[in-house]
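# Summary of structural features
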Number of protein chains: 2
Amino acid sequence: MSGPRFEPVRTVRAYERIVEQVEEAIESGALSPGQRLPSERDLMGQFSVSRSTVREALRVLQARGLVRSRPGDPNGAEVLPFSPDALQRSMASLARVEGLSLGELVQFRMVLDGSANLLAARLRTPGQLAEMEAAIERMREAVTRGYDEFSAADLAFHDAVARASGNKLIQICVEVVRSIVLGLVADRLADAPDREALMRRSIRHHEEVLAAVRDGDGPLAARLARRTMYDYYAGYVPAAERPALRALLDQPHSAPE
Amino acid sequence: MSGPRFEPVRTVRAYERIVEQVEEAIESGALSPGQRLPSERDLMGQFSVSRSTVREALRVLQARGLVRSRPGDPNGAEVLPFSPDALQRSMASLARVEGLSLGELVQFRMVLDGSANLLAARLRTPGQLAEMEAAIERMREAVTRGYDEFSAADLAFHDAVARASGNKLIQICVEVVRSIVLGLVADRLADAPDREALMRRSIRHHEEVLAAVRDGDGPLAARLARRTMYDYYAGYVPAAERPALRALLDQPHSAPE
DNA sequence: ATGCATTTGTTCGTATGTATC
DNA sequence: AGATACATACGAACAAATGCA
């Protein structure tokens, strides 16, 4: 009795088909970063749609960070190299819309940075270790040269650790979350009254982390990294959220209730 | 001599201004999920731009997962509740374009799931503990009822743990990365010859994790969770990548080389 | 350095399919 | 069933920006 199994059809917009095809071409490597798409007029020919449709597709591709187009460019839209911008915007939007608290963001950084240090302690190459040392040296020099340079050197250190972890996903997420957190507290960090003391203490903590990474003691490096992060940011996190952060720090085994 | 400090100007597209304004309205709460935007015709009046420009803006908003529009809808575009879809697409695209290996994804899951368990062990409520127990019970029942149900129950367990961590960012990332990993290995998992034995072993591991969470022993729960994940997925990860995964498992302090 | 041709950004008008009342 | 309002899609046109001869 039962006839052939039909599947429900969903009407798919014309511009979506275009997006799919271009996306596929980029992900398959047929179109690589730096290359140009045909001009809008060519595209309307190739897809046999109107220019408006082509443009809507290009807007979507641009919103996803895959291409960029400028007026007057005799070549078509440019295929962009991957960048975590889209990821970052999604997370930033998540943070605002979903009401992510600073505490949750810092906690996430503690998790990521701790794990990155754990892995880096085991997997680092001598060259990566040298990068970390150089970054700390830059931090020392920056103490007298202002907070901006200090922050840049600090970034370089955490980046080097993230790279040494050997996990690109960790690396990118560290970068994304860091920039969101900084966006939330940068002004307060820069205005801190005892800024120089903060920087010096931060450097000392980073040196301890580096020593653990150098020794290959992953668990220690992870613990120190989490504590460093906590010390640096806890003051900006509402007191009510701090216990959740401390749950990531060393604890004398389990605390019975 | 130096005149007033002029700032570089960047020409900003008309549709971008529209996107900004609508985005701002949504993030500020002036527009909340379920509400409707004015119709495209109204919008072209309010922004005094053409229809095409309005539509390009709507395409971008739609691509970012903020609104949805259907033909024939007597109301305008619908404001959507936040969903991690955009985040997930960004990460999935990241995984393909950037060539993320299965090993890196599994490693990331080990990090997230381990941390979620660590936090859950300290912060869980009795209700959340009951959810975890119920999920494991569903896993037991599902052993004889097929892999799909088992997988769903497994998902429920990890979700309950992630919720109990109290960190929405961890929760969302766990969900996103899990679905990407499953997309890569689902077929191989389903076709495993000794599927039932795998399921039984997985249940045993989950029970151990749950016991640690119940006891409030965070570090133990984290270690067990990472090991559970490793045992379940390591077979699908190329042997060359496995040492990086094992770097996240317990190690007798540091292994001198 | 100046035009020129081309491309994108934007507008307007029109026709068509579709969902709601 | 019909009227209405909506989104989808097309095509022609003009302005602004770019690259190149």
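If you're wondering where the values come from, they're calculated on a predicted model, not measured in any experiment. (Residues numbered from 1 in each chain as written. Chains lettered and ligands numbered in written order. Predicted model: local features only at pLDDT ≥ 70, side-chain atom pairs only at ≥ 80, totals over all residues. Heavy atoms only, no water.)

## Examining the overall build of chain A
- Check the secondary structure of chain A and you find eleven helices and two strands.
- For chain A, the succession of helices and strands along the chain, N to C, is α-α-α-β-β-α-α-α-α-α-α-α-α.
- The C-alpha atoms of chain A give a radius of gyration of 24 Å, which is well past the 18 Å a tight globule of 257 residues would have.
- Each principal axis of the C-alpha atoms in chain A carries an extent, and together these give about 65 × 60 × 35 Å.
- By the burial criterion, 48% of the 257 residues in chain A qualify as buried.
- Accessible surface for chain A amounts to roughly 12,600 Å². Of this, 51% is attributable to carbon and sulfur atoms.
- Across chain A, the centroid of the 34 positively charged side chains sits 2 Å from that of the 36 negatively charged ones. (Helix = DSSP H or I, 4+ residues; strand = E, 2+ residues; numbered from the N terminus. Rg over C-alpha atoms; globule rule 2.2 N^0.38 Å. Buried < 20%, exposed > 50% of the residue type's maximum accessible area, 1.4 Å probe, protein only. Areas by Shrake-Rupley, 256 points an atom, 1.4 Å probe, with all protein chains shown as cover. Lys, Arg positive; Asp, Glu negative; His and termini not counted. Charge placed at Lys NZ, Arg CZ, Asp CG, Glu CD.)

## Details of the domain arrangement of chain A
- One can read the domain layout of chain A as domain 1 (14-79) and domain 2 (85-246).
- Just the C-alpha atoms count here: the centres of domain 1 of chain A and domain 2 of chain A sit 38 Å apart. (Domains from an automatic or database assignment.)

## Remarks on unusual backbone geometry
- Even without being glycine, Ser-48 of chain A reaches a positive phi, approximately 45°.
- Summarising the element assignment, Ser-48 of chain A is placed in the loop between helix H2 (40-47) and helix H3 (51-63).

## Focus: the protein's contact with DNA strand D
- Looking at DNA strand D, there are 25 residues lining it, with Ala-14, Ser-50 and Thr-53 of chain A together with Arg-51 and Asp-73 of chain B nearest.
- Within 4 Å of the protein, the contacting atoms of DNA strand D are drawn from sugar and phosphate to the extent of 73%.
- Between Ala-14 of chain A and DNA strand D, the recorded distance is 2.8 Å, taken from a backbone N or O atom to a phosphate oxygen.
- At the level of elements, H3 of chain A together with helix H2 (40-46) and helix H3 (51-63) of chain B are the ones that each hand at least two residues to the surface near DNA strand D. (Near = heavy atom within 4 Å. Polar contact = N/O pair within 3.5 Å; in protein donor to acceptor, adjacent residues only side chain to side chain.)

## With respect to the interface of chain A and chain B
- Across the boundary between the two partners, chain A contributes 54 residues, which contact 54 residues of chain B.
- Between chain A and chain B lies a buried interface of about 5,000 Å² when both sides are counted; carbon and sulfur atoms form 65% of it.
- Among the residues chain A hides against chain B, the three largest losses belong to Phe-82, Phe-108 and Leu-169 of chain A. Together they make up 12% of the total.
- Linking chain A with chain B are six salt bridges.
- We note a salt bridge from Glu-104 of chain B to Lys-168 of chain A, for which the minimum N-O separation is 3.8 Å.
- Inspection of the region where chain A meets chain B yields twelve residue pairs in polar contact (both at pLDDT 80 or more).
- If you list the elements that add at least two residues to the side of chain A that touches chain B, you get helix H1 (14-27), H3, helix H4 (85-97), helix H5 (102-123) and helix H8 (168-190) of chain A.
- For the side of chain A that touches chain B, the leading source of residues is H5 of chain A, giving eleven residues.
- Considering only residue class, the side of chain A that touches chain B consists of 26 nonpolar, 13 polar and 15 charged. (Contact = heavy atoms within 4.5 Å. Buried area = accessible area lost by both parts, 1.4 Å probe. Salt bridge = Lys/Arg side-chain N within 4 Å of Asp/Glu carboxyl O. Nonpolar A, V, L, I, M, F, W, Y, C, P; charged D, E, K, R; others polar.)

## What to know about the protein's contact with DNA strand C
- Not every one of the 25 residues close to DNA strand C is listed here, only the nearest: Arg-41, Arg-51 and Arg-55 of chain A together with Ala-14 and Thr-53 of chain B.
- Near-protein atoms of DNA strand C (within 4 Å) split between backbone and bases, with sugar and phosphate holding 67%.
- Within the contact set of DNA strand C, a phosphate oxygen lies 3.4 Å away from a side-chain nitrogen or oxygen of Arg-59 of chain A.
- Separating a phosphate oxygen of DNA strand C from a backbone N or O atom of Ala-14 of chain B is a distance of 2.5 Å.
- Those elements giving two or more residues to the surface near DNA strand C turn out to be H2 and H3 of chain A together with helix H1 (14-28) and H3 of chain B.

## Some details on the pattern of salt bridges
- Applying the stated criterion to the full structure yields 33 salt bridges over all chains.
- Residue Arg-59 of chain A pairs with Glu-56 of chain B through a salt bridge whose shortest N-O separation is 3.0 Å. Taken together, the positions of Arg-59 of chain A in helix H3 and Glu-56 of chain B in helix H3 put the pair across two chains.
- A relative accessible area of 6% means that Arg-59 of chain A is categorised as buried.
- The residue Arg-140 of chain A makes a salt bridge to Glu-137 of chain A at a minimum N-O spacing of 2.5 Å. Of this pair, Arg-140 of chain A and Glu-137 of chain A are both found in helix H6 (residues 126-142), three residues apart, which corresponds to roughly one turn of the helix.

## Let's talk about the packing of aromatic side chains
All names here are of chain A.
- Using the criterion set out here, one finds two aromatic pairs over all chains in the structure.
- Geometrically, the ring pair formed by Tyr-232 and Tyr-233 is edge-to-face, given 5.2 Å between the ring centres and 90° between the ring planes. Residues Tyr-232 and Tyr-233 agree in their burial class; the two are buried. (Phe/Tyr/Trp six-rings, centres within 6.5 Å; stacked < 30°, edge-to-face > 60°.)

## Points about the relation of the copies chain A and chain B
- Between the two copies, chain A and chain B, the superposition gives an RMSD of 0.1 Å; the rotation angle is 180° and the shift along the axis is 0.1 Å. One copy is carried onto the other by what is essentially a two-fold rotation axis.
- Most of the interface of chain A is mirrored in chain B, where 98% of its interface residues are also at the interface. (Least-squares fit on C-alpha atoms with pLDDT ≥ 70 in both.)

## Quick word on the environment of Ala-247 of chain A
- In this structure, Ala-247 of chain A sits in the segment after helix H11 (242-246).
- The class for Ala-247 of chain A is buried, based on a relative accessible area of 5%.
- Between the C-alpha atom of Ala-247 of chain A and that of Ala-120 of chain A, which follows or precedes it by 127 residues, the distance is 23 Å.
- Sequence-distant contacts of Ala-247 of chain A, that is, excluding residues within four places in its chain, are made with Leu-118, Leu-119 and Arg-122 of chain B.

## Considering the state of the cysteines
- Counted according to the given criterion, the structure contains zero disulfides over all chains.
- Lacking any disulfide linkage, Cys-173 of chain A is separated from the closest cysteine sulfur, that of Cys-173 of chain B, by 5.9 Å.
- Judged by its relative accessible area of 0%, Cys-173 of chain B is buried. (Disulfide = S-S within 2.5 Å.)

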